[in-house]
Amino acid sequence: MDGQRSISKVWMIVVAFLAIFGINSIRRPLVEPSSSGCKTKEGKHIQQKNEGNPPELLLSVPFYVYEEWSWLDSYWIKQNGNNETVEHWNTKASEDGHPYYFKHGDDFWFLRNAMKHPMRTTNMSEAKLFFVPTLLNQFDWSLRKGKRNICVNNKVCKYDLIQRTQQYLSASEAFRLYPERHVIVRSYFAPRWKDWDLRKQPPEKLPELRESYRSFFLEMVPKMQAIVFEGKDFVEEATHQVPALGRHILPTYYVGSPCLNSPSNNKTLDIAMIATMKGKYDGRNNLCNWLKENPNVKSFCGGGNRCPALANAKFGFHVSGDTFGSQRLMDVLVSGTVPIFSHLDQYTLQGDWIDWDQLSYYIPLHNDATAYSEDKVTKFSMTENAVQELFSKRLQRVLDDEEGYRKRYKAVIDHLEFFDMRTIYPFDTYMYLFQAELFPETRHSQSRWSALILPPPLFSNSL
């Protein structure tokens, strides 16, 4: 009897261990993380100093980029013959000189910053995470627009890029052993994955292209950690299957474009909302009409140039367009302006790791049951039953909240780099969030970002 009890206790300990660390964590990693950091190309270790202070960067396990097959140096072949590098496309300015970045270009910025992150190792056997260096947003955009082809290395273009990537990953021992440790960005709003895209390809190439297309999008990508559009996982639609065990998806930020004069101390406007104005965008039209009718509010609302108005405003409204998400939010934040959300669903699209109470206000443009009435919340901030008078009262309370504004403005300024895709910090944050799920024993207890909600550490430092 005592022997059976001992065996039962052992099994209870094993089950508890698996519950805490997960099946994947007890599989032998390619390498255990070095206590002194990771190796650079020169073989030296880079150590992130942390003497009781929050770490500058969160990612703390070495990761590998398949640099041999990187799309970073890709370029566009245009119909007019004027080729353009993908880097130029993603970093160019608008006619007025202010940056105006491709809002779905997070794949480019993530790859660019992956190459210079101090935890990147060039030795695959040392890595615990792997970053797949495709630019699928650029690829999807080119297919949807149909006016340009994307090419790499002066010879591999369009669908051949997918075939070459599939072949490269198929030959990778790391992918064969640990597909769930691979991270890919697939956050264009209209991802392409159906093989009817290939219908115009030469008949002799079609079977091979079709097989690689299917293998990559429907077998490989569903096994990877993924950064996606507004939290929507195309894999479930494509495969009609539950995602692989241990796979996580995170909604991406849009790429924000800051004004040249941001952050500005010259806040001459109360409110700014610069966006495409279409008849179907009732929320945007209502907002501009209501602001125009309010003599007590200094505002710039409607179409036109974002800058310098966006940086010169104290508040920037985040109003729905085709979806609840919008590039507007990131434009507001990286321009040093406090955002005002207008629909509760806008918060859920941003992920649950940001404390938006520190950074923003909320003023609905519709009948929000928590704010105005018991009426059902309608999609896309529709005008039905909208209460202009109550909106104006809520807005005035926000404008009168000087102390609340000062706190939020400081928080926005403190987090400029956190949201700016040009910096290393968005990439670092996303990779760390995947690290925290796959290797929970490596979780941090603090960070330099007050609005970042970290996954809780497994063990208390006091133990």
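Residues numbered from 1 in each chain as written. Predicted model: local features only at pLDDT ≥ 70, side-chain atom pairs only at ≥ 80, totals over all residues. Heavy atoms only, no water.

Student: Help me out: how do you make sense of the overall build of the protein in this one?
Tutor: Scanning the protein from terminus to terminus reveals 16 helices and 16 strands. The buried share of the protein, taken over its 463 residues, is 53%. A separation threshold of at least 6 residues defines the contact pool for the protein, and within that pool the share at least 24 residues apart is 72%. Accessible surface for the protein amounts to roughly 21,800 Å². Of this, 50% is attributable to carbon and sulfur atoms. (Helix = DSSP H or I, 4+ residues; strand = E, 2+ residues; numbered from the N terminus. Buried < 20%, exposed > 50% of the residue type's maximum accessible area, 1.4 Å probe, protein only. Contact = heavy atoms within 4.5 Å. Areas by Shrake-Rupley, 256 points an atom, 1.4 Å probe, with all protein chains shown as cover.)

Student: Honestly, helix α13 (residues 388-400) in this entry has me stumped. Any pointers?
Tutor: Over its 13 residues, α13 runs 18 Å from end to end, which matches the ideal 18 Å to within 8%, given 1.5 Å per residue. Listed in full, the buried residues belonging to α13 are F391, R394, L395, V398 and L399. All buried residues of α13 lie within an arc of 140° about the axis, which places them on one face of the element. Structural note: α13 exposes E389, R397 and D400 on the side pointing more than 90 degrees away from its buried face. Each element contacted by the buried residues of α13 is listed here: β12 (269-274), α9 (282-292), β14 (313-318) and β16 (361-362). (Expected span 1.5 Å × (residues − 1). Arc of directions from axis to C-beta.)

Student: Is there a simple way to think about the state of the cysteines in this case?
Tutor: Note on terminology: disulfide describes a covalent bond linking the sulfur atoms of two cysteines. Scanning all chains against the criterion turns up 3 disulfides. Taken N- to C-terminal, the disulfide-bonded cysteines of the protein are connected 1-2, 3-6, 4-5. (Disulfide = S-S within 2.5 Å.)

Student: Got a minute to help me understand the environment of Y253 in this structure?
Tutor: With respect to the helices and strands, Y253 occurs in the loop between β11 (249-251) and β12. Aside from chain neighbours lying at most four places away, what touches Y253 is D106, M330, W353, I354, F418, F419, M421, P426 and Y430. Polar contacts involving the side chain of Y253 include one to the side chain of W353, which spans 3.3 Å. (Polar contact = N/O pair within 3.5 Å; in protein donor to acceptor, adjacent residues only side chain to side chain.)

Student: I would appreciate a short explanation of the packing of aromatic side chains in the present structure.
Tutor: The description of an aromatic ring pair rests on the distance of the ring centres and on the angle between the ring planes. The final tally for this structure, using the stated rule, is 37 aromatic pairs. On the basis of an interplanar angle of 45° and a centroid distance of 6.1 Å, the ring pair of F317 and F391 is categorised as tilted. Here F317, found in strand β14, pairs with F391, found in helix α13; they are 74 residues apart in sequence, far enough to count as distant. In this structure, R164 packs its charged tip against the face of W69, placed 5.4 Å from the ring centre. Over the aromatic face of Y178 sits the side chain of R181, whose NZ or CZ is 4.2 Å from the ring centroid. (Phe/Tyr/Trp six-rings, centres within 6.5 Å; stacked < 30°, edge-to-face > 60°. Lys NZ or Arg CZ within 6 Å of the ring centre and 35° of its normal.)

Student: In this structure, what is going on with the packing of helix α3 (residues 106-114) against helix α4 (residues 136-145)? I would like to understand it.
Tutor: For the pair α3 and α4, the least separation of the axes is 7 Å and the interaxial angle reads 155°. It follows from the interaxial angle that α3 and α4 lie roughly antiparallel. On α4, the residues that touch D106, D107 and F108 of α3 are L136, N137 and Q138. Residues belonging to the contact of α3 with α4 are distributed by class as follows: 2 nonpolar, 2 polar and 2 charged. (Axes fitted to C-alpha atoms, helices over the stretch in contact; angles between N-to-C directions. Parallel < 35°, antiparallel > 145°, perpendicular 65-115°, else oblique. Nonpolar A, V, L, I, M, F, W, Y, C, P; charged D, E, K, R; others polar.)

Student: So what exactly am I meant to see when it comes to the nonpolar core here?
Tutor: A general tendency of soluble globular proteins is for nonpolar side chains to be buried together. Ranked by internal contacts, the top residues of the largest apolar core, which has 113 residues, are F63, W71, F131, F216, F317 and F419. It is helix α16 (residues 425-438) that provides the largest number of residues to this core, a total of 9 residues. If we skip the residues at most four places from it in the chain, W71 touches L111, P133, T134, L135, L136, F139, I150, V152, L161, I162 and T165. With 10 residues, the next largest nonpolar core counts C259, I274, L310 and A313 among its residues. (Core = buried A, V, L, I, M, F, W, Y, C linked by side-chain atoms within 4.5 Å.)

Read these as spatial facts, not as claims about activity.
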